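Chain residues, written in single-letter form:
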Amino acid sequence: MAAPSEEEGAVGRRYHQRSTAMLDVPFLPFCAFLGTLGLLCVAMVGSWCQHWRGGFSLDGSSRTFNWHPVLMVTGLVVLYGAAALVYRIPYTWSGPKLPWKVLHGSLALGAFILTVLGLSAVFYFHNSQGTPNMYSLHSWIGLGTVLLFSCQWAAGFGAFLLPWAPTWLRVLYKPIHVFFGSTILLLSVASCVSGINEKLFFSLKNGTMQYKLLPAEAVFANTLGLLILIFGVLVVAALARPSWKRPDSDSPDSRQLPPALGAGRHRDCAGNAEPARLQTANPAAKNRN
Ligand code: HEM
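Residues numbered from 1 in each chain as written. Predicted model: local features only at pLDDT ≥ 70, side-chain atom pairs only at ≥ 80, totals over all residues.

A look at the nonpolar core
The line we're drawing: Residues enter a nonpolar core if they are buried, belong to Ala, Val, Leu, Ile, Met, Phe, Trp, Tyr or Cys, and are joined to the set through C-beta atoms within 7 Å. Exposed residues have 12 or fewer other C-beta atoms within 10 Å of their own C-beta, buried residues have 20 or more, and partly exposed residues fall in between, where C-beta atoms are placed from the backbone. Note on conventions: DSSP H or I runs of at least 4 residues are helices, E runs of at least 2 residues are strands, and numbering of each starts at the N terminus. Once C-beta atoms have been placed from the backbone, residue pairs whose C-beta atoms lie within 7 Å are recorded as contacts.
Ranked by size, the top nonpolar core spans 41 residues in total, and within it C41, V73, V77, Y80, A111 and I228 carry the most contacts. Residue assignment for this core shows that the elements contributing at least two residues are α2 (27-52), α4 (67-85), α5 (98-129), α6 (137-161), α7 (167-203) and α8 (216-240). Considering every element that reaches this core, the biggest residue donor is α4, with 14 residues. Leaving out residues up to four positions away in the same chain, V73 has contacts with C41, V42, V45, V78, C192 and I228.

Have a look at this one:
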């Protein structure tokens, strides 16, 4: 194929610059939007269970089950998403890294606690009703996700928060941790979507309330599923966006590099090298941990 002429190259570059400028949403407003979307998902799953599914209790009835969707969406989607985005907040790029590591780990721990409570609710409900456990595709994907998340949390704690973890271990594990961070979020979204679908099939099966007649509850819960999906995809997109990554995020042991080594490492979404903003701007960078 013939190489593009100089003029074609210039036009291509101009279009590329214009399209990347159009996508150049600032992080903080995007984050505020994501926060609102996350809260909307929590409010909607709570309203669904309260308004259409009879509310909440701890007596082993279907009202005990209702804790399950609420706690899973709050924990393994919204709180987990917040934990994943901590290092994209520009404030975290300067000063010591340890407090942000602790915040990231604590939010993830909060997500884990809500997840365990959410799973306890559904197992307690099944056992009280004499329903078998772990028969559905939803339950397999769901439990697999939770097991993966448990391993991720334990390995992240061991590698990044224990001070005696060797640097070579952090180097080796960091890309794996980043990869599974996004994967687990997408699996959580898949669990939620399949769970919502399953619940609607179980609940909407009599008379005028059949799922296929699309009653108001189905419209509401389908919309909730879509919003959860959009939330998950946007969080994963934000995590993948190069210009929102911590400037030293590709440093081998997730520590701040000295200015000379860090210079020019960071690339924006167009692939252009950005100045190593923080390394030069922030003298406290030397105190990274
Ligand atoms: C990350 C999110 C979720 C995970 C990890 C998850 C996980 C699980 C697991 C492991 C079970 C099996 C419990 C047992 O066998 O006793 C289960 C059951 C169930 N879940 Fe979820 N769930 C999630 C979200 C949801 C949501 C949002 C709904 C929506 C209503 C839902 C609806 C159900 C239903 C109806 C059952 C009982 C039937 C079955 O075992 O498949 N789940 N879930």
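The discussion continues.
Let's talk about the UniProt feature "transmembrane region" (unreviewed entry) in the chain
Heads up, the rule is: UniProt positions are given in the numbering used here, feature names are shortened, and annotations may be inferred rather than shown by experiment.
The sites that UniProt annotates as "transmembrane region" (unreviewed entry) are residues 27-49, 70-90, 102-125, 137-164, 176-197 and 218-240. The span residues 102-125 shows a helical share of 100% and a strand share of 0%, and its end C-alpha atoms are spaced 34 Å apart. Between the end C-alpha atoms of residues 176-197 there is a gap of 31 Å, over a span that is 100% helix and 0% strand.

Details of unusual backbone geometry
Positive phi, close to 55°, is recorded for M134, a residue that is not glycine. Here M134 shows up in the loop between α5 and α6. In this model, L214 sits at a positive phi of 50°, which is unusual for a non-glycine residue. Its place among the elements puts L214 in the loop between α7 and α8.

Description of the site of the ligand
The line we're drawing: Placing the C-beta atom from the backbone, one calls a residue near a molecule or strand if that atom lies within 6 Å of it. Amino acids are sorted into nonpolar (Ala, Val, Leu, Ile, Met, Phe, Trp, Tyr, Cys and Pro), charged (Asp, Glu, Lys and Arg) and polar (every other residue, Gly among them).
Near the ligand you find 26 residues, and of these N133, S136, S139, G142 and G195 are the closest. Those elements that place two or more of their residues in the shell around the ligand are α4, α5, α6 and α7. Here the residues of the shell around the ligand sort into 13 nonpolar, 11 polar and 2 charged.

What to know about α5
Selection rule: In a helix, the anticipated span is given by 1.5 Å times the number of residues less one.
Across its 32 residues, α5 extends 46 Å between first and last C-alpha, which sits within 8% of the 46 Å expected from 1.5 Å per residue. Taken together, the buried positions of α5 are H104, A108, A111, F112, L114, T115, G118, A121, V122 and F125. If you follow the buried residues of α5, they end up packed against α3 (62-65), α4 and α6. Once α5 ends, the next one or two residues include G130, with phi positive near 70°.

Focus: the environment of S47
Within the secondary structure layout, S47 lies in helix α2. The spatial distance from the C-alpha of S47 to the C-alpha of F220 is 9.6 Å, given a sequence separation of 173 residues.

What to know about α8
The end-to-end C-alpha distance of α8, which contains 25 residues, comes to 36 Å, matching closely the 36 Å that a straight helix rising 1.5 Å per residue would cover. For α8, the complete set of buried residues consists of A218, A221, L224, G225, I228, F231, G232 and V235. Next to the buried residues of α8 lie α2, α4 and α7.

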